[in-house]
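# Working through the structure, step by step
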Amino acid sequence: QVDLVESGGGLVQAGGSLRLSCAASGTIFNINSMAWYRQVSGKQRDLVASINSGGIINYADSVKGRFTISRDNAKNTVYLQMNSLKPEDTAVYSCTFNTLFGPNYWGRGTQVTVSS
């Protein structure tokens, strides 16, 4: 079984930066898109950013200009560079890989806490 493992979360002051990574523990074939979601306790999980196999990127309006998603296909890894962090960015961040013909994979999440 292949898992997605996130890393890079933590506690940071407002205005600071963090870089999240999400790597597959094994090989996943036919990955179409990779994405980051975030969820605050008691609220729905929201899309933060996505990138597909063609390099097309989408961002939530709330993070545009501050967050950057990138992927390394050879390493089956997706990154999220988060700059100018705000307290409202505090959430559990999870990554997901969407495959063309198989299942979708999800990581367990990493906590990001931004203090004011």
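Above: the structure in question.
Residues numbered from 1 in each chain as written. Predicted model: local features only at pLDDT ≥ 70, side-chain atom pairs only at ≥ 80, totals over all residues. Heavy atoms only, no water.

When its secondary structure is counted, the protein chain shows zero helices and eleven strands. Going from the N terminus to the C terminus, the protein chain shows its helices and strands as β-β-β-β-β-β-β-β-β-β-β. Computed over its C-alpha atoms, the radius of gyration of the protein chain comes to 14 Å, within 12% of the 13 Å expected for a compact globule of 116 residues. Across the 116 residues of the protein chain, 38% fall into the buried class. (Helix = DSSP H or I, 4+ residues; strand = E, 2+ residues; numbered from the N terminus. Rg over C-alpha atoms; globule rule 2.2 N^0.38 Å. Buried < 20%, exposed > 50% of the residue type's maximum accessible area, 1.4 Å probe, protein only.)

The subject of this paragraph is the nonpolar core. Formed by 26 residues in total, the largest nonpolar core has its most connected members in Trp36, Val78, Leu80, Met82, Tyr93 and Phe97. Every element with two or more residues in this core is listed here: strand E3 (18–24), strand E4 (31–39), strand E5 (46–52), strand E7 (67–72), strand E8 (77–82), strand E9 (91–99) and strand E11 (110–115). Each residue touching Met82, except ones within four places of it in the same chain, is listed here: Gly16, Ser17, Leu18, Leu20, Arg66, Phe67, Tyr93 and Val112. (Core = buried A, V, L, I, M, F, W, Y, C linked by side-chain atoms within 4.5 Å. Contact = heavy atoms within 4.5 Å.)

This part is about the environment of Asn104. Tracing the backbone shows Asn104 in strand E10 (residues 104–106). Since its relative accessible area comes to 47%, Asn104 is described here as partly exposed. Here Asn104 is in contact with Phe97, Asn98 and Thr99, once residues within four sequence places are set aside. Side chain to side chain, Asn104 and Asn98 meet in a polar contact 2.7 Å long. (Polar contact = N/O pair within 3.5 Å; in protein donor to acceptor, adjacent residues only side chain to side chain.)

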